[in-house]
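Examination of the molecular architecture
Here's the letter readout for the chains.
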Amino acid sequence: MGLLDFLKPRTQPKREPREDLPEEVKWVVKVLENVEDPETGLNIVEEGLLYGLTVEKGGVEVFLLMARSTPECHFCRMIAINVQRKILDEVIKVLKAEGFNSVRIYNELGLLLAEG
């Protein structure tokens, strides 16, 4: 690595699911592209909130990176909580509409955030 290599433009990350994923996982990733973050207008996959999922026997477990830096303002925290709640509700809604009987959503620490 050269001294000024950090100045070279970075390549854009691939926006498609990895090729080595099972078909049902790729399908769930595509379904989750329909969930929009109301704060940014980006879908949660493109935004990088989705970092893992497990699909088995009519159920799906979704792992989201929900940690956000929030200012010390109490009102701002409430906005962040409301945005997160909308994302969680929408994830459950779209996955239930696709036929999943069980949907569990966890945060980056493995704590259960929502289920339906």
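Because the structure is predicted, anything quoted here is derived from the model rather than measured.

**Some words on the pairing of strand E1 (residues 50–56)**
Alignment of E1 against strand E2 (residues 59–64), held across six bridges, turns out to be antiparallel. Paired with Gly-52 across the bridge in E2 is Phe-63. Hairpin connection of E1 to E2: two residues between the antiparallel strands, including Lys-57 at a positive phi of 50°.

**As for the packing of aromatic side chains**
This structure, assessed with the given rule, holds three aromatic pairs. Ring centres 5.5 Å apart and planes at 35° place the aromatic pair Trp-27 and Phe-100 in the tilted group. Within this pair, whereas Trp-27 is found in helix H1 (residues 23–32), its partner Phe-100 is found in the loop between helix H2 (74–97) and strand E3 (102–106), the two being separated by 73 residues in sequence. On the basis of relative accessible area, Trp-27 is assigned to the partly exposed category, the value being 36%. A centroid spacing of 6.4 Å and a plane angle of 55° characterise the contact between Tyr-51 and Phe-63, whose relative ring orientation is tilted.

**As for the nonpolar core**
If you look at the biggest cluster of nonpolar residues, it comprises 27 residues, and the most contacted ones within it are Leu-32, Ile-44, Val-62, Leu-64, Val-91, Leu-95 and Ile-105. Mapped by element, the contributors of at least two residues to this core are H1, E1, E2, H2 and E3. It is H2 that contributes the most residues to this core, seven residues altogether. When residues no more than four places from it in sequence are discounted, the contact partners of Val-62 are Leu-32, Leu-50, Gly-52, Leu-53, Val-91, Leu-95, Arg-104, Ile-105 and Tyr-106.

**Looking at the pairing of E2**
For E2 and E3, the ladder comprises five bridges, and the chain directions are parallel. Residue pairing for E3: Val-62 is matched across the bridge by Ile-105.

**Comments concerning the sheet that holds E3**
Judged by pairing direction, the sheet is mixed, and its four strands sit side by side in the order E1-E2-E3-E4 without closing on themselves. The strands lining the two open edges of the sheet, one partner per strand, are E1 and strand E4 (112–115). Sheet twist, expressed as the average angle between the axes of neighbouring strands with direction ignored, equals 15°. Summarising the sheet, E3 and E4 pair through three bridges and their orientation is antiparallel. Each residue of the ladder has a partner; that of Arg-104, found in E4, is Glu-115. Relative to the sheet, H1 contacts E1 and E2, its axis offset from that of E1 by approximately 130°.

Conventions and cut-offs
Residues numbered from 1 in each chain as written. Predicted model: local features only at pLDDT ≥ 70, side-chain atom pairs only at ≥ 80, totals over all residues. Heavy atoms only, no water. Pairing = 2+ DSSP bridges. Helix = DSSP H or I, 4+ residues; strand = E, 2+ residues; numbered from the N terminus. Phe/Tyr/Trp six-rings, centres within 6.5 Å; stacked < 30°, edge-to-face > 60°. Buried < 20%, exposed > 50% of the residue type's maximum accessible area, 1.4 Å probe, protein only. Core = buried A, V, L, I, M, F, W, Y, C linked by side-chain atoms within 4.5 Å. Contact = heavy atoms within 4.5 Å. Axes fitted to C-alpha atoms, helices over the stretch in contact; angles between N-to-C directions.

In short, the description is geometric, and any link to function would need to be established separately.
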